[in-house]
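What the coordinates show
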Amino acid sequence: MNVRHPQKKHILYWLTGIACLLTLSGCLKKSEYITERIGIALAPRNNHWGAAVSQYSTLEAASYQLPYFLTNATSSSTTSDSASQRSQLINMAYPNSETLNPCRAIILSPVGQDLKSLDSIIKAQIPLIFFERPVEGVEYAYLVTGDNEQAGRQAAEFILDTLGNTTPQVLTLEAADTNYQIRLKAFRTQLGVNTADSLVSVPSREEGKNMMLSVLATEGSERINAVYTADDDLALGVLDALNDQGNTSVKIVVGGGGEQELLELIQSTDNRIIATTLYSPAMIRSCVEVAYRLVILGETPAQKEEHHPSVLIDRSNVAEYLDPESLY
């Protein structure tokens, strides 16, 4: 099945759809709300990207008048958070209420899940639609992914090309999230030289700024000529710190995602070269469309996977990606 999104919807139309779901009157009958809902189990809302994924998923569900049960993992780094998401999934498959039926399909961005932890969901025979990555050994109805390895390679190539004959002295900011680890591993391999690495607890703008300020206060920080964050919120924080300190030694900052505020800085900043790699939260819309086709239309996807390539965005092509209606 070649998944095609509906034509771009006006934000007002999306909000109208959400109002229908919340009121449970007019747009939906109560029985429809109870019996036809889907589960959406996502990674944490610990930065703008995570929040946008949640927004895109619920707005897309509202556009189909498709009731949903949305949950977000607390974080993506500890065993307890993995157990917490598993509990959320069990509530979707075995609701503790006589008025609710199991979710008819579950969209899952897995946080530490494996074949064993998903055993009860598999036994319930609820179709699983994976977002970002599959779980090894688990059969799925559909898979939507971005290309994290390609993003890491593109970032390294951009820094190498931009620096030319200058030796890269790169600082990386990394988080425990699986996507970031994949991007950073590919980045370091492609870069081919050692990097200075700093671990942040949360991939947020505030963490990015605080960590960059800490690094700038250390001896030898003036040698750093590029920063790779693998995330746009972190990149925005890094830029805040560099600007606050009047830093001129860092020539290049590369993020990851495609956040509109960073895209605007790519276009307008003259004293530093900024870039990012596209990893759009809007990819989740495909998962919701597939869930709608499975649950409401009874259609089985002819294909089972949808892969979105990464795109390096810099000043040469940023105009193509600026969108005032974007949620991210």
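Refer to the structure presented above.
Residues numbered from 1 in each chain as written. Predicted model: local features only at pLDDT ≥ 70, side-chain atom pairs only at ≥ 80, totals over all residues. Heavy atoms only, no water.

1. Quick word on the packing of helix 9 (residues 232–244) against helix 10 (residues 260–268)
Following both chains from N to C, one finds helix 9 and helix 10 inclined at 50°, their axes separated by 9 Å at the closest point. Overall, the two elements helix 9 and helix 10 adopt an arrangement that is oblique. The chirality of how helix 9 crosses helix 10 is left-handed. Across the interface between the two elements, D232, A235, L236 and L239 of helix 9 pack against E261, L262 and L265 of helix 10. Partitioned by chemical class, the residues of the contact of helix 9 with helix 10 number five nonpolar, no polar and two charged. (Axes fitted to C-alpha atoms, helices over the stretch in contact; angles between N-to-C directions. Helix = DSSP H or I, 4+ residues; strand = E, 2+ residues; numbered from the N terminus. Parallel < 35°, antiparallel > 145°, perpendicular 65-115°, else oblique. Left-handed = near helix turned anticlockwise from the far one by under 90°. Contact = heavy atoms within 4.5 Å. Nonpolar A, V, L, I, M, F, W, Y, C, P; charged D, E, K, R; others polar.)

2. Examining unusual backbone geometry
In the Ramachandran plot, Q125 falls in the positive-phi region, its phi being about 60° despite a non-glycine side chain. Note that Q125 resides in the loop between helix 5 (119–123) and strand 4 (128–131). A relative accessible area of 71% places Q125 in the exposed class. A positive phi angle, close to 85°, is found at E132, a residue other than glycine. Position of E132 among the secondary structure elements: in the loop between strand 4 and strand 5 (142–146). (Buried < 20%, exposed > 50% of the residue type's maximum accessible area, 1.4 Å probe, protein only.)

3. A closer look at the sheet that holds strand 9 (residues 252–254)
Read across the sheet, six strands follow the order 7-6-8-9-10-12 without closing on themselves; strand pairing throughout is mixed. Strands at the two margins of the open sheet, each flanked by one partner only, are strand 7 (196–199) and strand 12 (312–313). Bridging between strand 9 and strand 10 (residues 273–277) involves three bridges; their strand directions are parallel. Residue pairing for strand 10: V254 is matched across the bridge by A275. (Pairing = 2+ DSSP bridges.)

4. Focus on the side chain of S198
Position of S198 among the secondary structure elements: in strand 7. With sequence-adjacent residues up to four places away left out, S198 is seen in contact with L171, T172, L173, E174, M211 and V215.

5. A look at helix 8 (residues 205–216)
Each α-helix winds once per 3.6 residues, and so residues spaced three or four apart point in a common direction. Helix length check: helix 8 (12 residues) gives 16 Å between terminal C-alpha atoms against 16 Å at 1.5 Å per residue, within 8%. For helix 8, the set of buried residues is G208, M211, M212, V215 and L216. The arc that holds the buried residues of helix 8, viewed along the axis, is 135°, so those residues lie on one side. On its buried face, helix 8 is in contact with strand 6 (170–174), strand 7, strand 8 (226–228) and helix 9. (Expected span 1.5 Å × (residues − 1). Arc of directions from axis to C-beta.)

6. A few points about the sheet that holds strand 3 (residues 106–108)
Overall, parallel pairing links the six strands, which are arranged 2-1-3-4-5-11 in an open sheet. Edge strands, defined here as strands with exactly one partner in the open sheet, are strand 2 (68–72) and strand 11 (305–308). Mean inter-strand twist for the sheet, computed between neighbouring axes without regard to direction, equals 10°. Where strand 1 (residues 38–42) meets strand 3, three bridges bridge the pair, whose relative direction is parallel. Note on strand 3: the bridge partner recorded for A41 is L108. Running at roughly 175° to strand 2, helix 3 (residues 48–63) makes contact with strand 1, strand 2 and strand 4 of the sheet. Against the sheet, helix 11 (residues 284–295) makes contact with strand 1, strand 3, strand 4, strand 5 and strand 11, and its axis sits at roughly 175° relative to strand 4, the strand it touches most.

7. So, the packing of aromatic side chains
The tally for this structure, following the rule as stated, stands at five aromatic pairs. Residues Y64 and Y292 carry aromatic rings whose centres are separated by 4.4 Å and whose planes lie at 15° to one another, so their mutual orientation is stacked. Taken together, the residues span a long stretch of sequence, with Y64 in the loop between helix 3 and strand 2 and Y292 in helix 11 at a distance of 228 residues. Y292 shares its class with Y64; the two are buried. The structure contains a cluster of three or more aromatic residues connected by ring pairs, namely W49, F131 and Y279. The residue whose ring lies beneath R183 is Y279, and the NZ or CZ to ring-centre distance is 4.5 Å. (Phe/Tyr/Trp six-rings, centres within 6.5 Å; stacked < 30°, edge-to-face > 60°. Lys NZ or Arg CZ within 6 Å of the ring centre and 35° of its normal.)

8. With respect to helix 9
The end-to-end C-alpha separation of helix 9 is 18 Å, in line with the 18 Å expected for 13 residues at 1.5 Å each. Most of helix 9 sits inside the fold, with 10 of its 13 residues counted as buried. Listed in full, the buried residues belonging to helix 9 are D232, D233, L234, A235, L236, G237, V238, L239, A241 and L242. Measuring from the side-chain oxygen of the N-cap residue of helix 9 to the backbone nitrogen of D233 gives 2.9 Å; that N-cap residue is D231. One or two steps after helix 9, the chain reaches G246, where phi turns positive at roughly 65°. (Polar contact = N/O pair within 3.5 Å; in protein donor to acceptor, adjacent residues only side chain to side chain.)

Nothing here speaks to function; it is geometry throughout.
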